[in-house]
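Given next are the chains, with one letter for each unit.
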Amino acid sequence: MLPSSVLKHIIDCHCHPTEAASISPDSMQQLQISVCAMSTHNKDQSLVRSLAHDYPHKIIPAFGYHPWFSHFIALRSGISKRNHYQQLFQPTPESSPDFEDLFPHLPEPISLDDVLQDLRSNFASSSSPPILGEVGLDAIFRVPYDYHASPRRISSFAIPLEHQIAVLEAQLDLAVELGASVSLHSVKCPAATLDLFNRLKRKHQDRWSRVRIDIHSCSMSPDSIKQLQACKSHPNIFMSVSTTINGRSRNLRSLITTCLPDKLLIESDYNAIEPSTSQCLEILGIVAEVKGWQIETDWKEEDTDGAVHRLEANWKAFLGRA
Ligand SMILES: [Zn+2]
């Protein structure tokens, strides 16, 4: 274990501590690193806000609406629950017996306007610079009956990528307006992700470079990351890795090798606070080994080549504070 003088400079840049049934004051007391806590749907934005309020030196809040819950969002207000889901889902509900089964499990949709208003007020209430997350696109997700049930029963319905893009683009427009940092989920859709970045660059011109984007638990190929980070239109593309998600991938080491050294971050992507530190230390070890960086055994300001120094500097750059 590293000394606390080093641990306090480690940032878990993407995790979901409010998904655990409860967070004990004990585990928060024991936490020696900082974590960026994601929100994902309309029920957990306030949980993240109050956790950050209670532990301002350890929790950095991120507010955003995840693609896995984007079917809860209606692009226009006033649409009935039944019409909303019937018009949205693929395959069309008429052709699938699942729909009537699933329907009672679905909440009343909330409007995209309400989502954006909620984000604005959470960003305004937060003392740190705005972080939008977790947001993104997912080409393989299927709607579950109950996300929190275990085992999770999955329906045959997908959320069309166009809908996910509309929800994401509205949130990214807000990120550009506020100069925010973004924690982005992008699964099995590198082309759609790049298309969206290109469109946003055309739409926002120079203002697009105000936004910094972390492709979290990056599942893109090393080639895709290389192209993206070499592209002058998108100067602020960071990438973070976790053992939770990336640990299973044969690509992990080549991804780390390929990523620009000043655009690399680490995360646990854990849904509880307790394993966050050990998960971060594990991925830190892999990053340090692949990049040939030393892990500091005590903290000296001038030791700027150390792995923890570098990753902390990357985090500050991601926040726009470098
Ligand atoms: Zn996540």
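Since we're looking at a predicted model, the values are computed, not measured.

Enquirer: Any details on the overall build of the protein? Residues and values, ideally.
Expert: Helix and strand counts for the protein stand at twelve helices and ten strands. Taken over C-alpha atoms, the radius of gyration comes to 20 Å for the protein, in line with the 20 Å a tight globule of 322 residues would show. Taking the principal axes of its C-alpha atoms as reference, the protein extends roughly 65 × 45 × 40 Å. Nonlocal contacts in the protein, meaning residues at least 24 apart in sequence, comprise 73% of its contacts between residues at least 6 apart. Of the roughly 14,600 Å² of accessible surface on the protein, a fraction of 50% belongs to carbon and sulfur atoms.

Enquirer: Report on the packing of aromatic side chains, specifying residues and quantitative values.
Expert: All told, the structure shown has 13 aromatic pairs when counted by the stated rule. Between Phe 63 and Phe 123 the ring centres are 6.1 Å apart and the planes differ by 70 degrees, which places this aromatic pair in the edge-to-face class. With Phe 63 in the loop between strand E3 (59-61) and strand E4 (73-74) and Phe 123 in helix H6 (residues 112-125), this pair connects stretches of sequence that are 60 residues apart. In this pair, the class of Phe 63 matches that of Phe 123, namely buried.

Enquirer: Help me get a handle on the pattern of salt bridges, residues and values and all.
Expert: Following the criterion strictly, the structure yields nine salt bridges and no others. Residues Arg 82 and Glu 100 are paired through a salt bridge, measuring 3.0 Å at the closest nitrogen-oxygen approach. Here the residue Arg 82 occupies a position in helix H4 (residues 81-88), and Glu 100 occupies one in helix H5 (residues 98-102), the gap between them amounting to 18 residues. Since its relative accessible area comes to 33%, Arg 82 is described here as partly exposed. A salt bridge links Asp 305 to Arg 310; the nearest nitrogen and oxygen atoms lie 3.7 Å apart.

Enquirer: Any details on helix H11 (residues 276-291)? Residues and values, ideally.
Expert: For H11, built from 16 residues, the straight-helix expectation of 22 Å at 1.5 Å per residue is met to within 8% by its first-to-last C-alpha distance of 22 Å. Every buried residue of H11 is accounted for by Ser 276, Thr 277, Gln 279, Cys 280, Ile 283, Leu 284, Ile 286, Val 287, Ala 288 and Lys 291. Within two residues after H11, Gly 292 carries a phi angle of roughly 70 degrees, on the positive side.

Enquirer: Tell me about the sheet that holds E3, residues and numbers included.
Expert: Read from one edge of the open sheet, three strands run E1-E2-E3, paired in parallel fashion. Strands at the two margins of the open sheet, each flanked by one partner only, are strand E1 (11-15) and E3. Adjacent strand axes in the sheet meet at a mean angle of 20 degrees when their direction is disregarded. Of the pairings in the sheet, the one linking strand E2 (residues 34-37) to E3 comprises three bridges and is parallel in character. The partner of Val 35 across the bridge, within E3, is Ile 59.

Enquirer: Would you mind going over helix H9 (residues 222-230) in detail, with residue names and values included?
Expert: Along H9, the residues classified as buried are Pro 222, Ile 225, Leu 228 and Gln 229. For H9, the angular spread of the buried residues around the axis is 130 degrees, confining them to a single face. Residues Asp 223, Lys 226, Gln 227 and Ala 230 are exposed on H9 and point more than 90 degrees away from its buried face. Those residues of H9 hidden inside the fold are in contact with helix H8 (190-204), strand E8 (212-215), strand E9 (237-241) and helix H10 (252-258).

Enquirer: A description of the environment of Ser 221 should follow, citing residues and the corresponding values.
Expert: Tracing the chain through its elements places Ser 221 in the loop between E8 and H9. In sequence terms Ser 221 and Ser 128 are 93 residues apart; their C-alpha atoms lie 32 Å from each other. Apart from the residues within four sequence positions on either side, Ser 221 is in contact with Asn 251 and Leu 255.

Enquirer: Pulling in residues and values, what's your account of the coordination of the zinc ion?
Expert: His 14 (NE2), His 16 (NE2), Glu 134 (OE) and Asp 269 (OD) make up the full set of protein donors to the zinc ion, lying at 2.1 to 2.5 Å. Between the four donor atoms coordinating the zinc ion, the angles at the centre fall across 84 to 171 degrees, so the site counts as irregular. Within one chain, the residues donating to the zinc ion are spaced in sequence as H-x1-H-x117-E-x134-D. Of this pair, Glu 134 sits in strand E6 (residues 131-138) while Asp 269 is found in the loop between strand E10 (264-266) and H11, placing the two residues 135 residues apart along the sequence.

Enquirer: Which residues make up empty space enclosed by the protein, and what are the values?
Expert: Across all of its chains, the model carries two cavities of 30 Å³ or more by this definition. Of the volumes computed, that of the largest cavity is approximately 70 Å³. If you go around the largest cavity, the residues you meet are His 9, Ile 10, Ile 11, Cys 13, Leu 265, Ile 266, Leu 284, Val 308, Leu 311, Glu 312 and Trp 315. The biggest single contributor to the lining of the largest cavity is helix H12 (residues 307-318), with four residues. For the lining of the largest cavity, the class distribution of residues is nine nonpolar, one polar and one charged. As for the second largest cavity, its lining consists of Trp 208, Ser 209, Val 211, Ile 213, His 234, Pro 235, Asn 236 and Ile 237.

Enquirer: Can you lay out the pairing of E6 for me, pointing to particular residues and giving the numbers?
Expert: The element E6 is largely enclosed, with a buried count of eight among its eight residues. Across six bridges, the pairing between E6 and strand E7 (residues 181-187) is parallel. Counted as the bridge partner of Gly 136 is His 185 from E7. Read from E6 through helix H7 (residues 161-178) to E7, the crossover connection turns out right-handed.

The rules behind each value
Residues numbered from 1 in each chain as written. Predicted model: local features only at pLDDT ≥ 70, side-chain atom pairs only at ≥ 80, totals over all residues. Heavy atoms only, no water. Helix = DSSP H or I, 4+ residues; strand = E, 2+ residues; numbered from the N terminus. Rg over C-alpha atoms; globule rule 2.2 N^0.38 Å. Contact = heavy atoms within 4.5 Å. Areas by Shrake-Rupley, 256 points an atom, 1.4 Å probe, with all protein chains shown as cover. Phe/Tyr/Trp six-rings, centres within 6.5 Å; stacked < 30°, edge-to-face > 60°. Buried < 20%, exposed > 50% of the residue type's maximum accessible area, 1.4 Å probe, protein only. Salt bridge = Lys/Arg side-chain N within 4 Å of Asp/Glu carboxyl O. Expected span 1.5 Å × (residues − 1). Pairing = 2+ DSSP bridges. Axes fitted to C-alpha atoms, helices over the stretch in contact; angles between N-to-C directions. Arc of directions from axis to C-beta. Donors = N, O, S within 2.8 Å, 3.2 Å for Na, K, Ca; no water. Tetrahedral: all angles 85-135°; square planar, octahedral: opposite > 155°, others 65-115°. 1 Å grid on protein atoms, 1.4 Å probe; cavity = no way out; pocket = protein on both sides within 12 Å on 5 of 7 lines; lining within 4 Å. Points joined across faces, edges and corners; volume = space filled by probe spheres on them. Nonpolar A, V, L, I, M, F, W, Y, C, P; charged D, E, K, R; others polar. Right-handed = clockwise from strand over helix to strand, strands pointing away.

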